[in-house]
Amino acid sequence: MFEQTFKNIDDILHKDAGCTSEMDYTEQSSWLLFLKYLDALEQDKAAEAALDDRPYNYLLHDVFRWGSWAAPKLPDGKPDHNAAMTGDDLRDFVNTKLFPYLAAFKQRASGPNTIEYKIGEVFGEIKNKIQSGYNLRDVIDRVDELRFRSQTEKHELSHLYEAKIKNMGNAGRNGGEYYTPRPLIRAMIQVLQPRIGERIYDCWRLPKTEPLMRGVPI
């Protein structure tokens, strides 16, 4: 399901004037996947809070949640095509309202390790390059079909996304060179056996460069 959906998304972005490379395809699908995943995470947390009979405060205001602007639904769970924005309305909402709102999270965050800070950092660095609001609608519809709540679904998504990162190297960028294969990550964890809260650092050196180091929280 994920592989075919990613291919369909790339085909749509290939036709858009604002997306010209594999890096653009990866970047533009990434911010949409991020918001879809964030919404699923929030829904799970809200459900857990309801079971414990306690309130849950959503990170995003209602108008900026995935189910409001991206994929509104009818009471039976089917897409509400009448309420869904498209064309210039959708593009302008994303560019002038959604992205500025999300980028401002960084200033409101209590610290750099919070999810609010990370949201603000992500959306302060990228921009929507999808020029056609109709192409954007088509991509959103494909992303909304994805489900990644089970561990199997999350592993499949992770595997395919890492493959897309490697392909960025074909676009003249070094994104693929900094990729650590998932089997190697699992082997590092098995050997080092880290405890919750510790970090594993994998370090490598490119020719004629300083060592590169990345920390992975456990």
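Quick caveat, the model's predicted, so the values are computed rather than measured.

Draft legend 1. Seen up close, helix α4 (residues 87–103). The end-to-end C-alpha distance of α4 is 23 Å, a good match for the 24 Å that 17 residues give at a rise of 1.5 Å each. Considering bend angle alone, the principal kink of α4 is centred on V94 and spans about 40°. Taken as a whole, α4 has its buried residues at G87, L90, F93, V94, L98, F99, Y101 and L102. The inward-facing, buried residues of α4 abut α2 (22–51), α3 (66–70), α5 (105–108), α6 (115–125) and α7 (133–144).

Draft legend 2. Up close: the nonpolar core. Counting 37 residues, the largest nonpolar core has W31, L32, W66, W69, V94 and L98 as its most contacted members. Contributions of two or more residues to this core are made by α1 (2–14), α2, α3, α4, α6 and α7. Residues in contact with W31, not counting those within four places in the same chain, are W69, V94, L98, F99, F123, I126, N128 and L136.

Draft legend 3. Representation of the pattern of salt bridges in the model. One pass over the full model with this rule turns up eleven salt bridges. Residue K7 is joined to D11 by a salt bridge in which the shortest nitrogen-to-oxygen separation is 3.3 Å. Within this pair, K7 and its partner D11 are both found in helix α1, separated by four residues, close to a single helical turn. Taking the relative accessible area as the measure of exposure, K7 reaches 46% and is therefore partly exposed. The partner of R91 in a salt bridge is D92, and the shortest N-O contact between them spans 3.3 Å. Taking the relative accessible area as the measure of exposure, R91 reaches 23% and is therefore partly exposed. It is possible to trace a salt-bridge network through shared partners that takes in D24, E27 and K129.

Draft legend 4. Seen up close, unusual backbone geometry. At D53, a position not held by glycine, the phi torsion is positive, near 55°. Among the secondary structure elements, D53 is positioned in the loop between α2 and α3. Overall, the relative accessible area of 71% leaves D53 in the exposed class. Positive phi, close to 45°, is recorded for Q193, a residue that is not glycine. With respect to the element layout, Q193 can be found in the loop between α9 (182–192) and β1 (199–204).

What counts, and at which threshold
Residues numbered from 1 in each chain as written. Predicted model: local features only at pLDDT ≥ 70, side-chain atom pairs only at ≥ 80, totals over all residues. Heavy atoms only, no water. Helix = DSSP H or I, 4+ residues; strand = E, 2+ residues; numbered from the N terminus. Expected span 1.5 Å × (residues − 1). Bend = angle between axes of the 7 residues up to and from the residue. Buried < 20%, exposed > 50% of the residue type's maximum accessible area, 1.4 Å probe, protein only. Contact = heavy atoms within 4.5 Å. Core = buried A, V, L, I, M, F, W, Y, C linked by side-chain atoms within 4.5 Å. Salt bridge = Lys/Arg side-chain N within 4 Å of Asp/Glu carboxyl O.

That is the geometry; function is a separate question.
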